Amino acid sequence: MEIGVTSFVETKPDIETGIVMSHAQRLREVVEEIVLADRVGLDVFGIGEHHREDYAASSPAIVLSAAASLTKRIRLASAVTVLSSADPVRVFQDFAMLDGISNGRAEIIAGRGSFVESFPLFGYGLHDYEELFNENIELLMKIRDSEKVTWKGGHRPAIHNLGVYPRPVQDSLPIWIGSGGTQSSAVRAGLLGLPLMLAIIGGNPINFAPLVELYKKAAARAGHDVSQLQVGSHSIGFVAEDTERAADIFFPSTQYGMNKLGKERGWSYYDRSSYDAARSFDGALYVGDPETVAQKIIHLRKHVGITRFMMYVPLSTMPHEQVLRAIELLGTEVAPRVREEIAKWEAEKE
């Protein structure tokens with residue numbers, strides 16, 4: 001069971017002062033967060049790609065490379081790379097370079113993206129949303145699996161027996177499929193035999209269990225070894241020494257962030273009752289003291305089959321010291337509890 005952190009490197013206004021953090025400051029902060037996550041024994045740190053004013057990381061590989069030489073063990077992933085509007089050749093090259101700098105710790109989590117700003121920015125049409133992703137994931141896997149590539153698609157110039165360099169340290173650069181929870185994404189990942197990262201950010205997480213089963217059935221149908229498949233969860237959360245303190249600290253920024261997105265997407269107003277319901281044991285928020293958060297992650301592992309849990313913190317902008325403390329507790333208090341309990345549970349099943 002792997003435990004890690006996801007960040008979108010947000011720069012929304014400070015809730016109390018209204019001051020908007022600079023992109024430069026937030027980028028430096030997130031590098032500190034990655035370094036701390038490595039030091040406290042977390043397994044992976046993921047950076048999301050966005051092209052909006054309120055997010056600072058348009059290129060996850062650059063942020064992760066800044067942290068690569070400062071860390072020793074932690075895996076460094078995109079979360080996600082918006083592959084539909086990216087050049088798969090450049091994506092592979094960037095992460096192969098990250099893999100070299102980190103000595104074999106790079107991963108790509110590829111998705112279609114929940115925001116669409118990158119499409120007009122890079123000259124793509126939303127009417128090609130699905131087709132672009134299918135072509136680009138095919139090409140990305142082809143580049144990963146072969147040093148020289150011959151390929152032809154409908155949206156990118158053909159490649160005729162050309163080498164793509166540099167090559168990564170890892171024999172096979174890990175590529176995950178990131179999904180918001182659609183059946184088509186789960187089936188796609190299964191048929192390709194790629195690990196699946198689910199954004200479990202609402203409702204009851206247990207409701208994702210049928211989706212994981214669908215993913216595994218698709219993989220088995222395509223001839224892949226289901227026992228080797230990984231399933232991850234990207235879930236919003238925050239850890240503090242006391243559950244009520246964690247809830248009170250995390251609520252203002254969460255409410256701000258949810259309502260900002262809610263205005264864009266037509267969601268209902270997010271208030272404290274919505275928040276408290278979501279942080280209940282059956283809810284999708286992993287907010288509380290280390291024991292509370294650990295037990296929710298263990299429950300997710302046992303009932304959904306998650307093998308990697310990534311806590312998305314912060315949602316919106318929070319004081320850097322609070323974020324660092326949450327990461328520290330996740331690594332030193334939550335992760336050991338989860339690993340010990342899951343190890344016992346798996347041993348009992350054998």
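Quick summary incoming for the structure in this document.

Analysis parameters
- Residues numbered from 1 in each chain as written.
- Predicted model: local features only at pLDDT ≥ 70, side-chain atom pairs only at ≥ 80, totals over all residues.
- Heavy atoms only, no water.
- Helix = DSSP H or I, 4+ residues; strand = E, 2+ residues; numbered from the N terminus.
- Rg over C-alpha atoms; globule rule 2.2 N^0.38 Å.
- Buried < 20%, exposed > 50% of the residue type's maximum accessible area, 1.4 Å probe, protein only.
- Contact = heavy atoms within 4.5 Å.
- Salt bridge = Lys/Arg side-chain N within 4 Å of Asp/Glu carboxyl O.
- Polar contact = N/O pair within 3.5 Å; in protein donor to acceptor, adjacent residues only side chain to side chain.
- Phe/Tyr/Trp six-rings, centres within 6.5 Å; stacked < 30°, edge-to-face > 60°.
- Lys NZ or Arg CZ within 6 Å of the ring centre and 35° of its normal.
- Pairing = 2+ DSSP bridges.
- Right-handed = clockwise from strand over helix to strand, strands pointing away.
- Expected span 1.5 Å × (residues − 1).

1. Details of the overall build of the protein
Line of reasoning, step 1. Across its full length, the protein carries 11 helices and 12 strands.
Line of reasoning, step 2. Against the compact-globule benchmark of 20 Å for 350 residues, the protein has a radius of gyration of 20 Å, which places it among compact chains.
Line of reasoning, step 3. Along the first, second and third principal axes, the C-alpha atoms of the protein reach 60 × 55 × 40 Å.
Line of reasoning, step 4. Residues classed as buried in the protein amount to 55% of the 350 residues present.
Line of reasoning, step 5. Sequence-distant contacts in the protein: of pairs separated by 6 or more residues, those separated by 24 or more amount to 72%.

2. A word on the pattern of salt bridges
Line of reasoning, step 1. Taken as a whole, this structure holds 31 salt bridges when the rule is applied.
Line of reasoning, step 2. The closest approach of N and O atoms between Arg144 and Asp145, which form a salt bridge, is 3.0 Å.
Line of reasoning, step 3. Residue Asp145 is classed as exposed on the basis of its relative accessible area, which comes to 53%.
Line of reasoning, step 4. For the salt bridge of Lys302 with Glu341, the shortest nitrogen-to-oxygen distance reads 3.3 Å. With a gap of 39 residues between them, Lys302 in helix α10 (residues 290-304) and Glu341 in helix α11 (residues 320-349) connect regions that are remote in the sequence.
Line of reasoning, step 5. Residues participating in the shared-partner salt-bridge network are Glu10, Lys12, Arg52, Asp54, Glu117, Lys260 and Glu264.

3. Section: the environment of Gln93
Line of reasoning, step 1. Residue position: Gln93 is located in helix α3 (residues 88-102).
Line of reasoning, step 2. On a C-alpha basis, the gap between Gln93 and Glu264 in space is 34 Å, while along the polypeptide they are 171 residues apart.
Line of reasoning, step 3. Not counting residues up to four positions away in its chain, the partners in contact with Gln93 are Val164, Tyr165 and Pro166.
Line of reasoning, step 4. A polar contact of 3.0 Å, which involves the side chain of Gln93, links it to the backbone oxygen of Tyr165.

4. Remarks on the packing of aromatic side chains
Line of reasoning, step 1. One pass over the structure, following the stated rule, counts seven aromatic pairs.
Line of reasoning, step 2. For the ring pair Phe8 and Tyr312, a centre distance of 4.6 Å and an interplane angle of 40 degrees mean the geometry is tilted. Highlighted residues: Phe8 in the loop between β1 (2-7) and α1 (23-39) and Tyr312 in strand β12 (residues 308-312), separated in sequence by 304 residues.
Line of reasoning, step 3. A relative accessible area of 14% places Phe8 in the buried class.
Line of reasoning, step 4. Every member of this aromatic cluster is reached through a ring pair, and the members are Phe8, Tyr55, Phe115 and Tyr312.
Line of reasoning, step 5. When the ring centre of Phe115 is taken as reference, the NZ or CZ atom of Arg265 above it lies at 4.7 Å.

5. Some thoughts on the pairing of strand β2 (residues 44-47)
The two faces of a sheet get side chains in turn, since along a regular strand they alternate between them.
Line of reasoning, step 1. The side-chain alternation of β2 yields two buried faces, one formed by Val44 and Gly46 and the other by Phe45 and Ile47.
Line of reasoning, step 2. With four bridges joining them, β2 and strand β3 (residues 75-78) adopt parallel strand pairing. If you follow Ile47 over to β3, its bridge partner there is Ser78.
Line of reasoning, step 3. Once the chain exits β2 it traverses helix α2 (residues 60-68) before rejoining the sheet at β3, and the crossover so formed is right-handed.

6. Some words on the environment of Leu229
Line of reasoning, step 1. Within the fold, Leu229 resides in the loop between α7 (209-221) and β10 (231-239).
Line of reasoning, step 2. Take Leu229: its relative accessible area is 13%, and that puts it in the buried class.
Line of reasoning, step 3. Setting aside anything within four residues of it in sequence, one finds Leu229 in contact with Gly193, Tyr215 and Ala219.

7. Describing α7
What sets the pattern is the α-helix's 3.6 residues per turn: residues three or four places apart point alike.
Line of reasoning, step 1. Here α7 spans 18 Å end to end across 13 residues, near enough to the 18 Å set by a 1.5 Å rise per residue.
Line of reasoning, step 2. Listed as buried for α7 are Ala209, Leu211, Val212, Tyr215, Ala218 and Ala219.
Line of reasoning, step 3. Buried residues in α7 make contact with α6 (183-192), β9 (196-199), β10 and α10.
Line of reasoning, step 4. Just downstream of α7 lies Gly223, where phi reads positive at about 90 degrees.

8. Overview of the environment of His303
Line of reasoning, step 1. Within the secondary structure, His303 is located in helix α10.
Line of reasoning, step 2. Judged by its relative accessible area of 45%, His303 is partly exposed.
Line of reasoning, step 3. With 94 residues separating them in the primary sequence, His303 and Ala209 have C-alpha atoms 6.9 Å apart.
Line of reasoning, step 4. Sequence-distant contacts of His303, that is, excluding residues within four places in its chain, are made with Ile206 and Ala209.

9. Description of the side chain of Ser102
Line of reasoning, step 1. On the secondary structure map, Ser102 appears in helix α3.
Line of reasoning, step 2. Within the structure, the side chain of Ser102 is placed 3.4 Å from the backbone oxygen of Asp99, a separation counted as a polar contact.
Line of reasoning, step 3. The residues touching Ser102, leaving out its near neighbours within four places in the chain, are Ala68 and Leu76.

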